Structures are given as structure tokens and as C-alpha cells.
Amino acid sequence: MTLSDFHFDLPPELIAQVPAERRDRARLLVLDRLSGALTHAHVDALPNHLRAGDLLVVNDTKVIPARLFARTAANRAVEVLLIRPVSERQTSAESWLCLGKPAKRLRAGTELSFPEGICATISTVHGNGHYTIAFDGKSTVQSLLDRHGEIPLPPYIRRPDGPLPLDLTRYQTVFASVPGAIAAPTAGLHFTDELMAAVLRRGAEIVRLTLHVGPGTFLPIRSEHVAEHVMTPEWCNIPVATAARIRDVKAAGGRIVAVGTTTTRALEAAAADSEIVASGARWADCFITPGFRFRVVDALFTNFHLPGSTLLLLVSAFAGSERILRTYNEAICDGYRFYSYGDAMLIQ
């Protein structure tokens, strides 16, 4: 497989800059992956396409205000996107893995000055824009983020003056509860309390897991040969109750409906060594491409993804590359909105 196999032309005006006025009133394109039949609806009609006994699995990660702005000793501006602490033990003198730019201003030993006199030093340069920075301990990183961090919207959502007030709530799912993501699990952005209640009335159930969305989800594939791409691991945790319910539903012949590609990766990583989902915390590093054998997920609720992205490869693995590209072309012709704040698909 080559990256060019997963290219399509997307008119810039179809890249959603703001979400639908109501989360569950975004459009929904339902794809039958066996017949290729398409049904046009809105997200609030999702329960009509579910079955009694279905189990929806959502990702309850919460986006943190991980983008910070700093100055070098030469008073040059730099941008830092904190990914995660290097160690689990968090103190005021924390070291964090981060993405930073511009690269020409970031070298090992570079000192960075943040607001309120807080400083950090680049201790390690890992390549591909990744760095480890060590803070000086004058304040906790959490308090720095709380006071000066910015929600890390993706670059295709144009905010030259920073996030809008609506982004603070709408770039967060209604079930977000475990802080740690640096990008939203965007399929979950469509859900409302009312929609979840309607899902339950349909006879389906909803359970949660956590996958902290990180660079593995959004970093581009840089090699033309897809097999050369290395997926950056992302931390996930599947509660015992969630794993048990998945096993029971599968045994009873019900469907596991993954809400989002991040949920899909967490579930399939947890079943990589067997046919059942194992509970507990782990690093999800599976790179799902066409030819992958899905052990857990039976249906997938997801957004429309970037050309040549790991997420497009995942949905292509689930429904077939040709079918996905044909569906995307139809969605483009019909004016569906793409990416994080865009419309949704149900593939079943």
C-alpha cells in the first residue's frame, strides 16, 4: 500500500470551522459495508440505526489546555504542546514530553520562559518535533496550564486570535471526565445527554473506556509506503466492568459499536493477543490498515477524516478502501462537512 492510494480532493470550504449549532444535528451518513448502500440522516437519528442489544463504547478522555507559548533566551517566540509527564510521579519539577516549534529555535539546553516567570529547559531532542522539557519547579505544570494553557485545536480549524469561547465547550465531549488528551475524540463530540437517553430507550447500552488522544492519532504519515509508518503509542484504560460487558454482549450475539477511531484502537489493542477484550491500562500502538482482522468492533461511528491519515486507513480497513473512497466522494458531492467539527458516518 502507498499513501497515494488514500488520497482524495477535498474542497477547502468543506473543512468545518465551527460545529453544528446543536451537537446531534450534524449530518449522518450511514454506510452498509456489505452492500455499499448509503442512507442520509442526522446524528439525532442514530438510535433508529441501532439494534436492541447493541453496546456503544465511548472514549471519556478529556482534552487538557496543553498548548503553551514561551520565549527563548534570545526572546524568540516558540510554541509548546505538552503531551504527557515523562514519569507518573508528578511534582512541581516535572519533565514532560512535548511537541515544539519552530524546530530551529529548539535545541538541547535551550531555556524557555513561560508566563509568571516559570522556566523550563529542553533536556532531550527526540526528533520528529518531539522534545522532553524539564520545568524549574517554581509552579506545578497543572497550574501553569490552568492559567495560561490553550485548548489545542487542530491547525485546519483557523483561529488566528486563539480559540473562541464556543471551543471551550464544543471541543470537549459531554462525557469527558479523565484529563489527558491533547486532541478531542471527535466522534464523541456529536453526543448529547438526550441522544444517549434515546440510545438507551432503543435497547442499546453505553459503556466507557479511556484513550488519551495524542500524536499517534493526528501526526501525518510521512513515508509513501504505509508499512514504514510507526504509530506512536497512546495510553488507554479499559475498566473491568466495560471489558466484562463487551464479552457478555459478544457472547450473546450483540454488536459492539465503537464511537470513534480512538475507541476502536483501544478495543482492538486490548484484544490483540486473544479473541477477548482484556481490562486494564496499556499503551495502544496498533496501526490499523487494510487487511487488519477486527476482533471486537462490529460497527463504527466516526467523523470524515483527512486524506492519507492513519484514521482514514483505519476506516478503510473496516469498510474497504474502494468503498470508503467512493463514499467520501459522494459525501463531498453532497456537501458533507469534514474533520473535527464536521459531520459523521455510521459504518455497519
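Rules of the game
Residues numbered from 1 in each chain as written. Predicted model: local features only at pLDDT ≥ 70, side-chain atom pairs only at ≥ 80, totals over all residues. Heavy atoms only, no water. Helix = DSSP H or I, 4+ residues; strand = E, 2+ residues; numbered from the N terminus. Rg over C-alpha atoms; globule rule 2.2 N^0.38 Å. Buried < 20%, exposed > 50% of the residue type's maximum accessible area, 1.4 Å probe, protein only. Contact = heavy atoms within 4.5 Å. Areas by Shrake-Rupley, 256 points an atom, 1.4 Å probe, with all protein chains shown as cover. Lys, Arg positive; Asp, Glu negative; His and termini not counted. Charge placed at Lys NZ, Arg CZ, Asp CG, Glu CD. Pairing = 2+ DSSP bridges. Axes fitted to C-alpha atoms, helices over the stretch in contact; angles between N-to-C directions. Core = buried A, V, L, I, M, F, W, Y, C linked by side-chain atoms within 4.5 Å.

**Q** Explain the overall build of the chain to me, using residue names and the numbers behind them.
**A** A tally of regular secondary structure across the chain gives eight helices and 17 strands. Taking 20 Å as the expected radius of gyration for a compact globule of 348 residues, we find that the chain reaches 20 Å, a close match to that expectation. Taking the principal axes of its C-alpha atoms as reference, the chain extends roughly 60 × 45 × 40 Å. For the chain, with 348 residues in total, the buried portion stands at 54%. Counted over contacts in the chain with a minimum sequence separation of 6, partners at least 24 positions apart contribute 71%. When the accessible area of the chain is evaluated, it comes to approximately 15100 Å², of which 52% is carbon and sulfur surface. Charge separation in the chain, taken as the distance between the mean sites of 36 positive and 35 negative side-chain charges, equals 2 Å.

**Q** Mind laying out helix α7 (residues 310-319), listing which residues take part and the relevant values?
**A** Extensive coverage of α7 is indicated by the burial of ten of its ten residues. Every buried residue of α7 is accounted for by T310, L311, L312, L313, L314, V315, S316, A317, F318 and A319. Where α7 is buried, its residues meet β1 (27-31), α4 (215-218), α6 (261-270), β16 (299-303), α8 (321-333) and β17 (344-347). Once α7 finishes, G320 follows within two positions and takes phi at roughly 100°, a positive value.

**Q** Please give an account of the sheet that holds strand β6 (residues 77-85) that cites residues and values.
**A** The six strands are arranged β5-β6-β7-β10-β9-β8 in a closed barrel whose pairing can be described as antiparallel. Adjacent strand axes in the sheet meet at a mean angle of 45° when their direction is disregarded. Bridge analysis of strand β8 (residues 111-113) against strand β9 (residues 119-127) gives three bridges, and the strand direction is antiparallel. From the neighbouring strand, S113 faces β9, where its bridge partner is C119. Helix α1 (residues 141-148) contacts β5 (67-72), β6, β7 (95-101) and β10 (130-135) of the sheet and is inclined by roughly 100° relative to β5.

**Q** Could you give me a rundown of the sheet that holds β17, with the residues and numbers involved?
**A** Taken in spatial order, the nine strands make up an open sheet running β2-β1-β17-β16-β14-β3-β12-β13-β15, and their pairing is mixed. Where the open sheet ends on each side, the last strands, each with one partner, are β2 (38-42) and β15 (280-284). Adjacent strand axes in the sheet meet at a mean angle of 25°, parallel and antiparallel pairs treated alike. The pairing of β16 with β17 spans four bridges and is antiparallel. Bridging across to β17, L300 finds its partner in I347.

**Q** I'd like to hear about the nonpolar core, residue by residue, with values.
**A** Counting residues in each nonpolar core, the largest one holds 68 residues, and the members touching the most others are Y171, L267, I324, Y328, F338 and I347. The leading source of residues in this core is α7, at seven residues. If near-sequence neighbours (up to four positions away) are discounted, I347 is found in contact with L31, R33, A299, L300, T302, V315, F318, A319 and I324.

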